[in-house]
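Chain by chain, the residues:
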Protein chains: 2
Amino acid sequence: MACEREQFTKLIEQKNLRATEARCRILELLHETHEHYTPEEMLEALRERGKPLSIATLYQNLAKLADAGLIARIVGPDGHTRYDVNTLPHHHLVCKVCGRMLDVGVEGPLQDLRPVALYDDEEDPATWRLGEVHLEFHGVCPACQARLAEAAEASD
Amino acid sequence: MACEREQFTKLIEQKNLRATEARCRILELLHETHEHYTPEEMLEALRERGKPLSIATLYQNLAKLADAGLIARIVGPDGHTRYDVNTLPHHHLVCKVCGRMLDVGVEGPLQDLRPVALYDDEEDPATWRLGEVHLEFHGVCPACQARLAEAAEASD
DNA sequence: TTACGTGCAAACGTTTTGCACAAAC
DNA sequence: GTTTGTGCAAAACGTTTGCACGTAA
């Protein structure tokens, strides 16, 4: 059974992969929500949206789609692997309570930042070939703020 | 057998933990090298330095030391867990070839950076309670540069 | 009809846990 | 003597793989 969702079918076939239903559903989920799902969360989200996917198929397809450059594999500070439809360089806002990640851009003088050694006996960062800088803004998402406020009230 | 290394003994006992030899050796290794070892690498490094440590003891002690705030658990972009003696806010330079991490500070106008939404339908980062910003400079470490240069020559 | 995708179950590497023994207080 | 740490072996967890079958070109 081929995938009927035109835009995703095209994206996938451009990469010389077969546009199967499983692949289209994964791409559709990520594009529609912009969420950074862990594989486990994705399995649950796909189950809620209709037919469940087997865990092996999910992992196999996530690997294929990531290899093809259609999605990006990222690992949050909590160590959980997540997938992002945004494969262009960008930054993240991470909730330190629940680990949820949000894609963000940045306003400000990014190009003026330079790494400098922290210790006297440390090698000089200038000896590294430098590439991009990735910013990780840490914070508490609105949902966790509400949950924390509730817990604080309950303990009064 | 208690640990004799005065400075580490004190650090550990201040946190109401017993300053055992295993814990002192772990702290000593991290302080002396400033390396960001994975547990597996640490096991190997400790073996080379003398008596090996059992893997269970290593994990148990890494967890205790991290809970006590004596070391920090960090997860690199490659998904490997590593430990850092520097528990103060700081930044990292990450080798995109081997995954090695270096502690760095930053020069430049950090405080002027603000996250901004990337998509039209995205929630506003301003609704998050914001904390610190963590910078991840990506690059290639000197060792990997040399290895890459060698491989390039060999293929000529 | 040949290549590729799916899903089960088994294997894998990393991390955690239960437990008996040893060491520290 | 009670609490805490160690180390083995077993379990748990997330992820990958082998394989038989199904589907696509």
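Per chain, residue numbering runs from 1 following the sequence as it is written. Labels are handed out in written order, letters beginning with A for the chains and numbers beginning with 1 for the ligands. Reporting in this predicted model follows two pLDDT cut-offs: at least 70 for local features of residues, and 80 or more for side-chain atom pairs to be given and counted; totals over whole chains, interfaces and linings ignore these cut-offs and use all residues. To get the side-chain values, take all heavy atoms of the structure and skip hydrogens and water.

## Some remarks on the environment of Gly105 of chain B
Then, number 1: Positionally, Gly105 of chain B belongs in strand β4 (residues 101-107).
Then, number 2: Taking the relative accessible area as the measure of exposure, Gly105 of chain B reaches 11% and is therefore buried.
Then, number 3: For the pair Gly105 of chain B and Leu27 of chain B, spaced 78 residues apart in the sequence, the C-alpha separation amounts to 22 Å.
Then, number 4: The contacts of Gly105 of chain B, once residues within four sequence positions are left out, are Arg114, Pro115, Val116 and Leu118 of chain A together with His91 of chain B. Put simply, DSSP marks the helices as runs of H or I at least four residues long and the strands as runs of E at least two long, and each gets a number from the N terminus on. Each residue is placed in one exposure class: buried if its accessible area under a 1.4 Å probe, protein chains only, is under 20% of its type's maximum, exposed if it is over 50%, and partly exposed if it falls in between. Any two residues having at least one pair of non-hydrogen atoms within 4.5 Å are treated as being in contact.

## Thoughts on the relation of the copies chain A and chain B
Superposition of the two copies of the chain requires a rotation about an axis and a shift along the axis.
Then, number 1: Overlay of chain A on chain B (RMSD 0.1 Å): rotation 179°, translation along the axis 0.0 Å. Seen this way, the second copy is the image of the first under a two-fold rotation axis. For chain A, the minimum C-alpha distance to the rotation axis belongs to Leu135 of chain A and amounts to 2.4 Å.
Then, number 2: Comparing interface residues between copies, 98% of those in chain A also lie at the interface in chain B; the contact surface is shared. Here the copies were fitted onto each other by least squares, based on C-alpha atoms from residues at pLDDT of at least 70 in both.

## Notes on the environment of Asp78 of chain B
Residues and elements named next belong to chain B.
Then, number 1: If you trace the backbone, Asp78 turns up in the loop between β1 (72-75) and β2 (81-84).
Then, number 2: A relative accessible area of 34% means that Asp78 is categorised as partly exposed.
Then, number 3: Along the chain, Asp78 and Leu135 lie 57 residues apart, while their C-alpha atoms are 16 Å from each other.
Then, number 4: In the analysis that follows, any N or O atom pair within 3.5 Å is treated as a polar contact, provided that within protein one partner can donate a hydrogen and the other can accept it, and provided that, for residues neighboring in sequence, both atoms belong to side chains. In terms of polar contacts, Asp78 uses its side chain to reach the backbone amide nitrogen of His80, at 3.0 Å.

## Some points on the domain arrangement of chain A
Residue and element names in this part refer to chain A.
Then, number 1: Throughout the structure description, domain borders are defined by an automatic or database domain assignment. With domains assigned, chain A is organised as domain 1 (1-87) and domain 2 (89-156).
Then, number 2: Computed over C-alpha atoms, the centres of domain 1 and domain 2 are 25 Å apart.
Then, number 3: Contact with domain 1, which involves ten residues of that partner, is made by twelve residues of domain 2.
Then, number 4: Note on definitions: buried area is the accessible-area loss of two parts on being combined, 1.4 Å probe, summed for both. Across the domain 1 to domain 2 interface the summed buried area is about 810 Å²; carbon plus sulfur atoms make up 53%.

## Observations regarding helix α3 (residues 39-48) of chain A
All names here are of chain A.
Then, number 1: Those residues of α3 that fall on the buried side of the exposure criterion are Pro39, Met42, Leu43, Ala45 and Leu46. Burial along α3 is one-sided: seen end-on, the buried residues are contained in an arc of 165°. Those residues of α3 that are exposed and angled more than 90 degrees off the buried face are Glu40 and Glu48.
Then, number 2: In this structure, the buried residues of α3 make contact with α2 (21-33), α4 (55-67) and β2 (81-84).
Then, number 3: At the exit of α3 stands Gly50, carrying a positive phi of roughly 150°. For this quantity, the arc is that covered by the directions from the helix axis to the C-beta atoms.

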